[in-house]
2 protein chains.
Amino acid sequence: MTSRQYNSVWFREPRKAASPGRSREEIVMAAVELLDAEGLAGLSMRKLGAKLSAGATSLYWYVAHKDELLELVYDEVWGEMMVPDPEVMGWRETCSVMSHSMRQVILRHPWSADLIGRMPALGPNALRVTDQMHKAFRLAGFTGLDIDYANSTLTAYVFGMTIPQVAWDAAAKDHDYDQDRLREFVAKAAAGYPELVERINAVDYDNPQVMREVSFDFGLVSVLDGLERRLGT
Amino acid sequence: MTSRQYNSVWFREPRKAASPGRSREEIVMAAVELLDAEGLAGLSMRKLGAKLSAGATSLYWYVAHKDELLELVYDEVWGEMMVPDPEVMGWRETCSVMSHSMRQVILRHPWSADLIGRMPALGPNALRVTDQMHKAFRLAGFTGLDIDYANSTLTAYVFGMTIPQVAWDAAAKDHDYDQDRLREFVAKAAAGYPELVERINAVDYDNPQVMREVSFDFGLVSVLDGLERRLGT
DNA sequence: ACCTGAACACCGTTCAAGT
DNA sequence: ACCTGAACACCGTTCAAGT
């Protein structure tokens with residue numbers, strides 16, 4: 001395999017821009033725009049180069065390879081997540097706000113869902129968010145490794161809830177938003193599974209967004225309750 | 001865009017094999033092997049064709065496109081998940097066993113982590129697992145949509161906990177398993193974040209597997225406690 | 001009905017050559 | 001120091017042509 005040393009993007013000073021639109025910062029910005037518009041599959045070094053009116057391979061002066069670029073855009077996503085100060089909001093409220101923000105950011109940048117399983121979140125923005133969350137859990141009363149565990153649990157919930165949702169949205173978009181057909185499809189697929197059939201009609205297909213919010217909050221409250229229980233109050 | 005109708009793989013009868021190693025079943029099996037060996041990026045129609053001693057494009061007789069093949073292998077993964085009968089095990093134990101099984105399956109097939117955000121789980125195996133889980137939550141005392149919500153919450157936790165772990169493993173493998181360097185790297189990256197620095201040395205770098213298990217169980221118990229709380233006992 | 005190879009329109013990345 | 005285009009080794013997919 002590659003067998004390179006662990007020298008992350010984050011440890012090399014970004015090279016200075018020589019022409020307009022060619023700093024690391026601008027490259028990353030353009031990449032995010034391209035990703036938002038065309039998804040992960042729509043980002044190619046060639047297209048990105050063109051967008052910056054540069055030769056496709058010019059970018060390799062600023063980024064070692066595409067994966068590095070993805071590390072950079074991934075952290076950009078973390079940069080959009082909001083974490084209130086747990087000292088003024090209290091830990092539960094902090095967790096709640098942060099969870100909703102995290103979810104919204106991923107839904108806003110669906111391609112980021114694919115990156116979560118691809119590279120660890122080690123950029124400065126990710127670390128800042130994690131740091132704040134650790135603070136929240138420390139203030140809540142967790143100590144030692146339990147701080148990490150509690151944070152992992154909450155983050156896992158948010159990711160796990162949001163990532164498959166992105167997949168659903170993508171499938172729906174790909175197949176022309178035809179809610180009725182999708183519903184029919186699911187009903188047909190679920191036929192023969194008694195438990196599924198039972199409740200398939202209970203689902204409110206007309207207000208999927210609302211149902212999702214309710215579902216998300218149900219789980220969030222459950223997770224926070226479960227964590228609170230660890231505090232042994 | 002493509003704008004095709006919602007006609008999933010699951011509704012077309014698989015075409016019969018004409019030569020040995022060319023049924024849908026065998027194609028999927030070979031694909032899983034290739035994926036296990038070389039990861040998602042290592043699966044190409046050409047390589048898969050070669051593995052089956054077929055022309056690269058012969059596969060298109062059995063599968064409409066690569067995405068469809070991925071849907072099939074994805075469901076294969078769901079087929080490996082074990083769900084005990086909740087009527088004999090009780091709901092909490094059922095959830096626990098299923099969660100660990102789900103996690104192990106994903107770790108065994110790391111490429112599956114990438115598919116979770118890419119396509120909905122609508123295959124027969126996925127439906128079977130979901131059906132069983134719904135049964136467990138119904139027996140637990142949940143009713144109506146709460147059954148869906150509870151199941152979503154648990155599944156989200158397991159996915160969200162496991163997917164980023166796969167990313168870590170991939171990064172570690174890519175960078176030569178050098179635990180010491182990785183540790184040093186993380187320490188350096190975390191410098192400047194007081195909460196992170198504080199506990200970075202508490203992490204047991206020598207037994208990462210053990211820590212992960214502990215972490216997973218911590219979160220799992222929390223989630224199950226939180227769900228139980230919804231039952232209002 | 002099933003399979004093939006050629007062809008098309010793409011990729012990421014390297015590298016010698018330019019300024 | 002920075003950028004380029006050509007080139008290499010790949011992709012997924014289509015399709016006319018074979019049996």
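Small disclaimer: the values here were computed from a predicted structure and weren't measured. (Residues numbered from 1 in each chain as written. Chains lettered and ligands numbered in written order. Predicted model: local features only at pLDDT ≥ 70, side-chain atom pairs only at ≥ 80, totals over all residues. Heavy atoms only, no water.)

Our next topic: the protein's contact with DNA strand D. Taken together, 19 residues form the shell around DNA strand D, and within it Ser19, Gly55, Ser58 and Tyr62 of chain A together with Arg46 of chain B come nearest. By atom count, sugar and phosphate contribute 59% of the portion of DNA strand D lying within 4 Å of the protein. Between DNA strand D and Thr57 of chain A there is a distance of 2.7 Å, counted from a base oxygen to a side-chain nitrogen or oxygen. Met45 of chain B places a polar main-chain atom, nitrogen or oxygen, 3.0 Å from a phosphate oxygen of DNA strand D. Ranked by the residues each element gives to the surface near DNA strand D, the list is headed by helix α2 (residues 45–51) of chain B, at three residues. Residues belonging to the surface near DNA strand D are distributed by class as follows: seven nonpolar, seven polar and five charged. (Near = heavy atom within 4 Å. Polar contact = N/O pair within 3.5 Å; in protein donor to acceptor, adjacent residues only side chain to side chain. Helix = DSSP H or I, 4+ residues; strand = E, 2+ residues; numbered from the N terminus. Nonpolar A, V, L, I, M, F, W, Y, C, P; charged D, E, K, R; others polar.)

Before going further, it helps to examine the nonpolar core. Formed by 120 residues in total, the largest nonpolar core has its most connected members in Leu48 and Phe137 of chain A together with Leu48 and Phe137 of chain B. The residues contacting Leu48 of chain A, other than those within four sequence positions of it, are Ile27, Ala30, Ala31, Leu34, Leu43, Leu59 and Leu69 of chain A. (Core = buried A, V, L, I, M, F, W, Y, C linked by side-chain atoms within 4.5 Å. Buried < 20%, exposed > 50% of the residue type's maximum accessible area, 1.4 Å probe, protein only. Contact = heavy atoms within 4.5 Å.)

Moving on: the relation of the copies chain A and chain B. The transformation that overlays chain A on chain B combines an axial shift of 0.0 Å with a rotation of 180°, and the residual RMSD is 0.0 Å. Classification of the inter-copy transformation places it as that of a two-fold axis. (Least-squares fit on C-alpha atoms with pLDDT ≥ 70 in both.)

Taken together, the contact between chain A and chain B spans 72 residues of the former and 72 residues of the latter. Contact between chain A and chain B buries roughly 6,900 Å² in total, counting both sides, with carbon and sulfur atoms accounting for 66%. Put simply, chain A and chain B have eight salt bridges between them. The partner of Glu195 of chain B in a salt bridge is Arg138 of chain A, and the shortest N-O contact between them spans 2.5 Å. Our count for the chain A to chain B interface comes out at 14 residue pairs in polar contact (both at pLDDT 80 or more). (Buried area = accessible area lost by both parts, 1.4 Å probe. Salt bridge = Lys/Arg side-chain N within 4 Å of Asp/Glu carboxyl O.)

Turning our attention to the domain arrangement of chain A. Residues and elements named next belong to chain A. For chain A, the domain assignment lists domain 1 (9–77) and domain 2 (81–231). Of note, the centres of domain 1 and domain 2, computed from C-alpha atoms alone, are 28 Å apart. If you look at the interface, domain 1 gives twelve residues, while domain 2 gives 18 residues. Summed over both sides, the interface of domain 1 with domain 2 buries roughly 1,400 Å², with 69% coming from carbon and sulfur. When residues of domain 1 are sorted by the area they lose upon contact with domain 2, Tyr74, Asp75 and Val77 head the list and together hold 50% of the total. In this structure, the connection of domain 1 to domain 2 is made through zero salt bridges. Here domain 1 and domain 2 share four residue pairs in polar contact (both at pLDDT 80 or more) between them. Looking at the side of domain 1 that touches domain 2, the elements that each hand over two or more residues are α1 (24–38) and α3 (66–79). (Domains from an automatic or database assignment.)

All right, on to empty space enclosed by the protein then. Residues and elements named next belong to chain A. Applying the stated criterion across every chain yields a total of four cavities of 30 Å³ or more. There is about 50 Å³ of room inside the largest cavity. Looking at the lining of the largest cavity, the element that brings in the most residues is α3, giving four residues. Looking at which domains feed residues into the lining of the largest cavity, each of domain 1 (9–77) and domain 2 (81–231) gives three or more. (1 Å grid on protein atoms, 1.4 Å probe; cavity = no way out; pocket = protein on both sides within 12 Å on 5 of 7 lines; lining within 4 Å. Points joined across faces, edges and corners; volume = space filled by probe spheres on them.)

Our focus in this paragraph is the protein's contact with DNA strand C. Lining the immediate environment of DNA strand C, one finds 19 residues, of which Arg46 of chain A together with Ser19, Gly55, Ser58 and Tyr62 of chain B sit closest. The protein-proximal atoms of DNA strand C, defined as those within 4 Å of the protein, are 58% sugar or phosphate. Residue Gly55 of chain B places a main-chain N or O atom 2.7 Å away from a phosphate oxygen belonging to DNA strand C. The separation between a phosphate oxygen of DNA strand C and a polar side-chain atom of Trp61 of chain B is 3.3 Å. Within the surface near DNA strand C, the residues separate by chemical class into seven nonpolar, seven polar and five charged.

This part covers the environment of Glu25 of chain B. Structurally, Glu25 of chain B is set in helix α1 (residues 24–38). In this structure, the C-alpha to C-alpha distance between Glu25 of chain B and Pro14 of chain B, residues eleven residues apart in sequence, is 8.7 Å.

Turning our attention to helix α11 (residues 208–230) of chain A. Compared with an ideal rise of 1.5 Å per residue, which puts 23 residues at 33 Å, α11 of chain A spans 33 Å between its outermost C-alpha atoms and is within 8% of the ideal. For α11 of chain A, the secondary structure elements touched by its buried residues are α5 (91–108), α7 (124–140) and α8 (145–174) of chain A together with α8 (145–174) and α11 (208–230) of chain B. Following α11 of chain A by one or two positions, Gly232 of chain A has its phi on the positive side, about 65°. (Expected span 1.5 Å × (residues − 1).)

Taken from the UniProt record, the annotation "domain: HTH tetR-type" (unreviewed entry) applies to residues 21–81 of chain A. Helix makes up 59% of residues 21–81 of chain A and strand 0%, and the two end C-alpha atoms of the span are 26 Å apart. (UniProt positions renumbered as here; feature names shortened; annotations may be inferred.)

Between α8 of chain A and α11 of chain B, the shortest axis-to-axis distance is 9 Å and the interhelical angle comes to 60°. Looking at the two axes, α8 of chain A sits oblique to α11 of chain B. Here α8 of chain A runs over α11 of chain B; the crossing is right-handed. Residues Leu145, Asp146, Tyr149, Ala150, Ser152 and Thr153 of chain A of α8 of chain A lie in contact with α11 of chain B, whose contacting residues are Met211, Val214, Ser215, Phe218, Gly219 and Val223 of chain B. Looking at the contact of α8 of chain A with α11 of chain B residue by residue, the class counts come to seven nonpolar, four polar and one charged. (Axes fitted to C-alpha atoms, helices over the stretch in contact; angles between N-to-C directions. Parallel < 35°, antiparallel > 145°, perpendicular 65-115°, else oblique. Left-handed = near helix turned anticlockwise from the far one by under 90°.)

Here we come to the pattern of salt bridges. Tallying each qualifying case throughout the model produces 28 salt bridges over all chains. Note that Arg230 of chain B and Asp225 of chain A form a salt bridge whose closest N and O atoms lie 2.6 Å from each other. Residue Arg230 of chain B is located in helix α11, and its partner Asp225 of chain A is located in helix α11; the two belong to separate chains. In this structure, Lys51 of chain B engages Glu33 of chain B in a salt bridge whose closest nitrogen and oxygen atoms are separated by 3.2 Å.

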